[in-house]
Amino acid sequence: MKRILTTALLLALVLPAGAQRFGRVGLGDGMFGVSTNQQVTVTIKPDGTAQIRNDSVLLRPQFEQQVRMMEYYRKMQAEAEANQDDEDESPRKRPQPPEAKPYADDELAKAIRGSFEFAQEQEHGEDRPATKLDDVQVSKDTVRVLHTTSFKTLEDLLQNDYSIWSAAGMYCEETKIEKDAEGRLKFTVKHPERWDAKRWVTEMQRTLKLTGARSSLTIVFPGKGISSPFPVTEGNSTSVGIDGTQPATIEAAAKALTAPAPIIAEAGGLNLAAAGS
């Protein structure tokens, strides 16, 4: 019971709304949920560590509902723990669902931080990547949440690759980082045969036409980017974005994300063997 409730808390706050709905299939890191502007930056460092920076702007009413549910889960877990050693096996009433009353700005920010910290305390361990809530900004209509997940090795990053592709709404069967014959980094993604890119484009266009949401995914390498199917490559980074007000960007993103060509970048001193990849 404790494990189930804690997982629900993490899904509600740390993981994107798309990932909540489709497991490893994220759709715009909240784009099919409440996010209006999503920016995900994956940084691969020369020492073999990595980081995912997630900057989301969410609609406040829906986000307040998420926070209410998280507080409800916390009460359920607290009651379950209190009754663990109780020999009385008679049925107990569950806590009542939270009242749907508006939060003041400072109350909402405090509730978000509290729920995040609670989830981290319950789930954090040596085998889990560390996630830090960097900032919470509450305004009249939206909530901006910035959080960063750090990985000790590239192997850890690749084992959590749903965090990378959730920004683009991708099915991802396997992500690889290896060196090519010339010693350059080669970043490749394998998509399952069942993934229908044409259907994805249609669904994204239909949904984003209503929301006008935007999402971007940027990958930063230790060395200079050499080639990439992503539309923009500058210096050490390559990126792809989707703008709900511009349907053509969705088709361009689908083409880039399903391209057979890998992303190639200079190694920049990265030792893959030492990085656990």
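As the structure is a prediction and not an experimental result, all values here were calculated from the model. (Residues numbered from 1 in each chain as written. Predicted model: local features only at pLDDT ≥ 70, side-chain atom pairs only at ≥ 80, totals over all residues. Heavy atoms only, no water.)

Moving on: helix α3 (residues 60-82). Between the first and last C-alpha of α3 there are 33 Å, a value that for 23 residues agrees with the 33 Å anticipated at 1.5 Å per step. Looking only at α3, the buried set comprises Arg60, Phe63, Glu64, Gln66, Val67, Arg68, Met70, Tyr72, Met76 and Gln77. (Helix = DSSP H or I, 4+ residues; strand = E, 2+ residues; numbered from the N terminus. Expected span 1.5 Å × (residues − 1). Buried < 20%, exposed > 50% of the residue type's maximum accessible area, 1.4 Å probe, protein only.)

A separate point is the nonpolar core. Within the largest apolar cluster, 37 residues are counted, with the highest numbers of intra-cluster contacts made by Leu157 and Trp200. It is helix α8 (residues 247-257) that provides the largest number of residues to this core, a total of five residues. Core analysis: the next-biggest nonpolar cluster, separate from the first, contains 15 residues, Phe63, Leu133, Val138 and Val143 among them. (Core = buried A, V, L, I, M, F, W, Y, C linked by side-chain atoms within 4.5 Å.)

Before going further, it helps to spend a moment on the pairing of strand β4 (residues 142-151). Burial analysis of β4 places seven of its 10 residues in the buried class, the great majority of the element. Of the pairings in the sheet, the one linking strand β3 (residues 130-138) to β4 comprises eight bridges and is antiparallel in character. Its bridge partner being in β4, Thr131 is matched across the sheet by Thr149. The loop that links β3 with its antiparallel partner β4 comprises three residues. (Pairing = 2+ DSSP bridges.)

Now for the packing of aromatic side chains. As enumerated under the stated definition, the model contains two aromatic pairs in all. With 6.1 Å between their ring centres and 50 degrees between their planes, Trp165 and Phe187 make a pair best called tilted. Placement of Trp165 in helix α6 (residues 162-165) and of Phe187 in strand β6 (residues 185-190) is noted, with a sequence separation of 22 residues between them. Assessed through its relative accessible area of 3%, Trp165 is described here as buried. When the centroid spacing of 6.0 Å and the interplanar angle of 80 degrees are considered together, the rings of Phe187 and Phe221 count as edge-to-face. Pair noted here: Phe187 is in strand β6 and Phe221 is in the loop between β7 (214-220) and β8 (225-227), with a separation of 34 residues, a long-range link. (Phe/Tyr/Trp six-rings, centres within 6.5 Å; stacked < 30°, edge-to-face > 60°.)

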